[in-house]
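Structure at a glance
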Amino acid sequence: MKKILITGGAGFIGRHLASHLASREDTSVTVIDNESLGDRKHLDLDKVRFIHGDLASRDDLHTALEGQDAVVHLAADTRVMDSIENPQYNFDNNVIGTFNLLELCRELRVSRVIAASTGGAILGDVDPPVHEQMAPHPTSPYGASKLMLEGYLSAYSSSFGLSGCALRFSNIYGPRSFHKGSVVAHFFKRILAREPLVVYGDGSQTRDYLYVGDLVEAIRAAVDSDVQGAYQLGSGKPTTLNQLIDAMRTVTGLDFEVVYEDFRAGEVKDTWCQIDKARAGFGFEPSTTLEDGLRATWAWFDAQRA
Ligand code: NAD
């Protein structure tokens, strides 16, 4: 039996990962989450051991980490704009929290750590496709906190033999993401509220959208492998905002209004990632088409209307 701890497991990605891992006979899942952004009601508590706890608490982390074979570290202050408004909070939560976690992994000899990182916020405004050889230039305290995470993972690997890798997620979308402000969740909430979608620019800007079901399979594969370092995870393809909106029209069957406003200074125009390293490292092969992923996501959002 493999014992896996998920930090931040009551959040959007964590709740999908917890059900994916708990569905396997050979895996026992523990989640630690302070429920600042997530909520345990999204977990199947018959199958997942839940600890209401905080990365700031050594006691909470000790309880959660004892006896674990691996940790998937998702807990973080995930809101980029909040990190600009309150960088101290972001630093305390993300940087010190990650440091506390790694220190206890070292002490308790937890051998494998897979940590959630980000491509766009670490690399800044660079020509796509983004890849792991690019030099980082974080554009927000949130991005800087993820770069610190990657630095500490590398240091703990070299200095203490901890085996770890950082997975740089692109734009992840899927069901059970109502609390998120990312573009798919935001647009579906506007559609539900019968409000127009607002696009800054002409809608030709590109992003890389990865379905959460493909992501959790990749995380499991990374846990089971022994890869180290940073890995981009995305669809590997650019999608324009206008293409996304067209696909949303198809899956919702609704002809909602779209308002185009001036492009916002400071916003990245195009970003999508190369996924060759993850493909070679642990067989990453996303298989959900944008339309299928959006259909499943919309079905869930639409069901929240009641
Ligand atoms: P989320 O906000 O839904 O989940 C984060 C969870 O961490 C929440 O449940 C929150 O309550 C918990 N948490 C925060 N601080 C904590 C602390 N100090 N102690 C314990 N729990 C704490 O976010 P998500 O979308 O599920 O993201 C998961 C991870 O993936 C994050 O590290 C995020 O930075 C990273 N990521 C996400 C995306 C995306 O598109 N969703 C993209 C790039 C990176």
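Cut-offs and rules
- Each residue is numbered by its place in its chain's sequence as written, counting from 1.
- In keeping with the model being predicted, local features are shown solely for residues with a pLDDT of at least 70 and side-chain atom pairs are shown and tallied solely at 80 or more, while totals for entire chains, interfaces and linings include all residues.
- With hydrogens and water stripped out, all remaining heavy atoms of the structure feed into the side-chain values.
- Helix and strand definitions follow DSSP, with helices as H or I runs of at least four residues and strands as E runs of at least two, each counted in order from the N terminus.
- The globule rule is 2.2 Å times the number of residues to the power 0.38, and the radius of gyration it is compared with is taken over C-alpha atoms.
- Partly exposed residues are those whose accessible area sits between 20% and 50% of the maximum for their type, while under 20% is buried and over 50% is exposed, using a 1.4 Å probe and protein chains only.
- Throughout, a residue-residue contact means that at least one pair of heavy atoms, one from each residue, lies within 4.5 Å.
- Here, Shrake-Rupley sampling with a 1.4 Å probe gives the accessible areas, and only protein chains in the shown set may cover a residue.
- Neither His nor the chain ends is counted toward charge; the positive residues are Lys and Arg and the negative residues Asp and Glu.
- Working definition for charges: the position is that of NZ of Lys, CZ of Arg, CG of Asp or CD of Glu.
- Axes, fitted as lines to C-alpha atoms, cover a helix only where it is in contact. Angles between the N-to-C directions of the axes lie from 0 to 180 degrees.
- Should an angle lie under 35 degrees it is considered roughly parallel, over 145 roughly antiparallel, and from 65 to 115 roughly perpendicular; all remaining angles are considered oblique.
- Handedness of a crossing follows from how the near helix is turned relative to the far one, being left-handed for an anticlockwise turn of less than a right angle and right-handed for a clockwise one.
- For this classification, Asp, Glu, Lys and Arg are treated as charged, while Ala, Val, Leu, Ile, Met, Phe, Trp, Tyr, Cys and Pro are nonpolar and the rest, including Gly, are polar.
- Think of a 1 Å grid over the protein atoms and nothing else: a 1.4 Å probe that fits but is trapped marks a cavity, an open set flanked by protein within 12 Å on at least five of seven lines marks a pocket, and residues with an atom within 4 Å of a point count as lining.
- Grid points are joined across faces, edges and corners, and a volume is the space filled by probe spheres set on the points.
- One heavy atom suffices: a residue is near a molecule or strand as soon as one of its heavy atoms comes within 4 Å of it.
- Polar contacts here mean pairs of N or O atoms no more than 3.5 Å apart (in protein, one a potential hydrogen donor and the other a potential acceptor; neighbouring residues in sequence count only if both atoms are side-chain atoms).
- By this rule, a helix spans an expected 1.5 Å times one less than how many residues it contains.
- The term nonpolar core refers to a set of buried residues drawn from Ala, Val, Leu, Ile, Met, Phe, Trp, Tyr and Cys, joined through side-chain atoms within 4.5 Å.

Let's talk about the overall build of the protein
When its secondary structure is counted, the protein shows eleven helices and 13 strands. Taking 306 residues into account, the globule formula puts the C-alpha radius of gyration at 19 Å, and the protein, at 19 Å, falls close to it. When the backbone C-alpha atoms are referred to their principal axes, the protein occupies close to 55 × 45 × 40 Å. Within the protein, the fraction of its 306 residues that count as buried is 49%. Counting contacts in the protein only where the partners sit at least 6 residues apart, residues at least 24 apart contribute 79% of the total. As displayed, the protein has an accessible area near 13,600 Å², and 49% of this comes from carbon and sulfur atoms. Positive and negative side-chain charges of the protein, numbering 30 and 41 respectively, have mean locations separated by a distance of 3 Å.

Description of the packing of helix H9 (residues 241–252) against helix H11 (residues 290–303)
As a packed pair, H9 and H11 sit with axes 9 Å apart at the nearest point and diverge in direction by 55 degrees. Classified by the interaxial angle, the pair formed by H9 and H11 is oblique. In the packing of H9 onto H11, the handedness of the crossing is right-handed. Along the contact surface, H9 presents Leu244, Ala247, Met248, Thr250, Val251 and Thr252, while H11 presents Leu290, Glu291, Leu294, Arg295 and Trp298. Split by residue class, the contact of H9 with H11 holds seven nonpolar, two polar and two charged.

Considering the side chain of Ser177
Examined against the element boundaries, Ser177 turns out to sit in the loop between strand E7 (171–173) and helix H7 (183–192). Once you skip the residues sitting within four places of it in the chain, Ser177 turns out to touch Phe12, Ala185, Trp300 and Phe301.

What about the layout of surface pockets?
Roughly 230 Å³ of internal volume is contained in the second largest pocket. Sorting elements by how many residues they give to the lining of the second largest pocket places strand E10 (residues 209–211) first, with three residues. Here the lining of the second largest pocket is composed, by residue class, of seven nonpolar, five polar and two charged.

Overview of the site of the ligand
Neighbouring residues of the ligand: 29 residues in total, closest Asp33, Asn93, Tyr142, Lys146 and His179. Between an oxygen atom of the ligand and a main-chain N or O atom of Ser36, the distance comes to 3.1 Å. In this structure, an oxygen atom belonging to the ligand sits 2.8 Å away from a side-chain N or O atom of Lys180. Residue assignment for the shell around the ligand shows that the elements contributing at least two residues are helix H1 (12–22), strand E5 (112–118), helix H6 (141–160) and E7. Considering only residue class, the shell around the ligand consists of twelve nonpolar, twelve polar and five charged.

A look at helix H4 (residues 87–108)
The end-to-end C-alpha distance of H4 is 30 Å, a good match for the 32 Å that 22 residues give at a rise of 1.5 Å each. The set of residues buried in H4 consists of Asn90, Asn93, Asn94, Val95, Gly97, Thr98, Leu101, Leu102, Leu104 and Cys105. Where H4 is buried, its residues contact strand E1 (2–7), helix H2 (58–65), strand E4 (70–73), helix H3 (80–85), E5 and H6.

A short note on the nonpolar core
Ile13, Leu167, Phe169, Ile219, Leu233 and Phe282 are the most contacted members of the largest nonpolar core, which totals 43 residues. Top contributing element to this core by residue count: helix H8 (residues 212–224), with seven residues. When sequence neighbours within four positions are dropped, the list of residues in contact with Ile13 reads Leu74, Phe169, Ile172, Val212, Leu215, Val216 and Ile219. Of all hydrophobic cores here, the second largest spans 23 residues; its members include Tyr211, Ile245, Val251 and Leu294.

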